[in-house]
Amino acid sequence: GDSVTQMEGPVTLSEEAFLTINCTYTATGYPSLFWYVQYPGEGLQLLLKATKADDKGSNKGFEATYRKETTSFHLEKGSVQVSDSAVYFCALTYSGAGSYQLTFGKGTKLSVIP
Amino acid sequence: DGGITQSPKYLFRKEGQNVTLSCEQNLNHDAMYWYRQDPGQGLRLIYYSQIVNDFQKGDIAEGYSVSREKKESFPLTVTSAQKNPTAFYLCASRVRTEAFFGQGTRLTVV
């Protein structure tokens, strides 16, 4: 079956540092890939997505590129802020009628210190 | 504003009691999901529903039950058969490939 593997956390960075959170996936088909963010005590929010190979998703300074050859979708940000402290989830799903599956990684907790 | 509303935000259950968590959406989405979140375990699927009056078990359905009598509503009941119900519960709906989440309900057994 499909699976998503994220780097283990927690990750602690100083403000303005460069962020990379690794995500690799195993898929039986051609999924769409996502990053969701969860702030403390809240639900998940969509951060960015990519629907096909070589697509780059971007939002709020975060970027991730769908790499089919390495089955990866790593999240990056050039300069993190304290407000980016949250848990980040990589996920995959499929389009098409009858496709219900949402597969999530275990999440990576990011703490940004001033 | 469209979205998913979960209630209550915090819920306390005594041993042996059933409790029901509410999930309502006004996004007109057919698919809805319930997830359980424990520290360090990510999200685990409890139940999902793709259409009114139909739902399917997820990976950890034992001790839980759901109904889907209306498109807007997908309540989750945590029964006394669930031996370790203390967790954060998330409801979601989906359109095409994108999922939308509620704010979650934190359930604690006292």
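Each remark here, short or long, concerns the structure printed above.
Below or above, wherever it landed, is the structure these notes cover.

1. Side note on the interface of chain B and chain A
- With 20 residues of chain B at the contact, the number on the chain A side is 22 residues.
- Taken together, the two surfaces of chain B and chain A that pack against each other cover about 1,700 Å², and 55% of this comes from carbon and sulfur.
- Area buried by chain B at its contact with chain A is led by B:R94, B:T97 and B:F101, which between them contribute 31% of it.
- Counting the contacts that link chain B with chain A gives one salt bridge.
- Among the ionic pairs, B:E98 bridges to A:K49, the shortest N-O distance being 3.6 Å.
- Here chain B is connected to chain A by five residue pairs in polar contact (both at pLDDT 80 or more).
- Within the residue set of the side of chain B that touches chain A, elements represented by two or more residues are β4 (31-38), β5 (42-51), β9 (87-95) and β10 (98-101) of chain B.
- Ranked by residues supplied to the side of chain B that touches chain A, first place goes to β5(B) with five residues.
- A class-by-class count of the residues in the side of chain B that touches chain A yields nine nonpolar, eight polar and three charged.

Reading the values: rules and limits
Residues numbered from 1 in each chain as written. Chains lettered and ligands numbered in written order. Predicted model: local features only at pLDDT ≥ 70, side-chain atom pairs only at ≥ 80, totals over all residues. Heavy atoms only, no water. Contact = heavy atoms within 4.5 Å. Buried area = accessible area lost by both parts, 1.4 Å probe. Salt bridge = Lys/Arg side-chain N within 4 Å of Asp/Glu carboxyl O. Polar contact = N/O pair within 3.5 Å; in protein donor to acceptor, adjacent residues only side chain to side chain. Helix = DSSP H or I, 4+ residues; strand = E, 2+ residues; numbered from the N terminus. Nonpolar A, V, L, I, M, F, W, Y, C, P; charged D, E, K, R; others polar.

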